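Analysis of the macromolecular model
Spelled out, the chains give:
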Amino acid sequence: MIKFFRKIRQNLLMENKTGKYLKYAVGEIVLVVIGILIALQINNWNEARKERLEEREILSDLQLDIRVDIEKINYQLDFKKEMISNYRNCLEILADKKEASKSEFMEGFKSILQVGDVSLNTTTFNNLQTTGDIRLIKNKTLANSIVNYYNTDLVSWQSALREYTRNITAPYVLNFDYIPQNTFEDSRNNLLIMPGKPKDFKNPGKTLDDYKEDYFIINTLRQKTWNIEALLLRYSDLLDYAKNLDKAIQKHLDNQ
């Protein structure tokens with residue numbers, strides 16, 4: 001009988017030890033799992049922080065590009081408005097609504113072969129498209145606005161003006177008379193003047209009356225004025241879009 005109770009006692013002690021071992025093992029597993037979860041949370045936090053820094057850098061670079069674009073657009077707006085003013089003045093002279101000499105007429109006509117484009121700085125945006133890093137911009141409304149900005153239809157409008165000037169206006173004007181003389185400033189602020197003047201050559205060139213009687217000259221002034229006026233509307237819309245986008249990016253950066 002005594003041996004029987006001793007055996008029962010030994011079995012209970014063994015079961016008690018086994019229970020402690022199991023509790024210890026479970027505790028160890030729980031600690032390991034908690035450690036892994038904490039490590040994953042820290043890693044996720046570091047990744048999120050890294051992405052926020054990358055997003056901030058991307059938006060700052062885009063903002064710099066857009067601000068340069070704003071300067072370009074403003075310059076072309078002023079330049080194109082001056083061209084329109086000159087062409088309207090030329091048309092008034094040709095229509096005998098204003099008295100002027102040929103030299104005064106040519107002063108306004110001299111930009112007839114010029115175009116001038118706005119070329120958006122797409123370096124940062126193209127890199128985002130290539131790498132797929134545009135996903136780092138968490139504000140989807142802002143991301144879509146950026147994509148829309150760089151997919152403007154400005155290129156087609158500028159191309160129409162450029163092709164008309166180069167392929168239609170230039171060949172005729174170059175064959176009609178001495179091309180208007182322009183001066184340009186190089187990086188050293190020296191004036192670059194077209195070599196040779198009309199008086200240096202045998203043919204004296206066209207008179208102002210010749211311009212007044214030439215349908216092509218009149219129509220090209222009208223056509224180019226219309227093209228530039230249409231382009232000015234696109235420039236104005238693009239300028240407003242660029243300014244609003246600049247403000248939206250700044251607001252997002254300030255709220256981070």
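Check the entry above for the structure.
Residues numbered from 1 in each chain as written. Predicted model: local features only at pLDDT ≥ 70, side-chain atom pairs only at ≥ 80, totals over all residues. Heavy atoms only, no water.

Remarks on the pattern of salt bridges
Using the criterion set out here, one finds seven salt bridges in the structure. Note that R67 is salt-bridged to D246, the shortest N-O span being 3.2 Å. Of this pair, R67 sits in helix α1 (residues 2-94) while D246 sits in helix α7 (residues 215-255), and the two are 179 residues apart along the sequence. The class for R67 is partly exposed, based on a relative accessible area of 37%. Looking at D246, the relative accessible area reads 13%, which means it is buried. Salt-bridge contacts for D96 lead to K212; the nearest nitrogen and oxygen are separated by 2.6 Å. Residue D96 is found in the loop between α1 and α2 (102-109), and its partner K212 is found in helix α6 (residues 208-212); the two are separated by 116 residues along the sequence. (Salt bridge = Lys/Arg side-chain N within 4 Å of Asp/Glu carboxyl O. Helix = DSSP H or I, 4+ residues; strand = E, 2+ residues; numbered from the N terminus. Buried < 20%, exposed > 50% of the residue type's maximum accessible area, 1.4 Å probe, protein only.)

Considerations on the nonpolar core
Judged by nonpolar contacts, the single largest core of 49 residues is most densely connected at L62, F105, F109, I137 and I146. Per element, the largest residue contribution to this core is 14 residues, and it comes from α1. Once residues within four sequence positions are removed from consideration, I146 is found in contact with L59, L62, F125, I137 and L245. (Core = buried A, V, L, I, M, F, W, Y, C linked by side-chain atoms within 4.5 Å. Contact = heavy atoms within 4.5 Å.)

Let's talk about the environment of D153
One can find D153 in the loop between α4 (140-149) and α5 (154-176). When the C-alpha positions of D153 and R234 are compared, they lie 8.7 Å apart, and in sequence the two are 81 residues distant.

Digging into the side chain of T124
Looking at the secondary structure, you find T124 in helix α3 (residues 123-131). Within the structure, the side chain of T124 is placed 2.8 Å from the side chain of D65, a separation counted as a polar contact. If we skip the residues at most four places from it in the chain, T124 touches I58, D61, L62 and D65. (Polar contact = N/O pair within 3.5 Å; in protein donor to acceptor, adjacent residues only side chain to side chain.)

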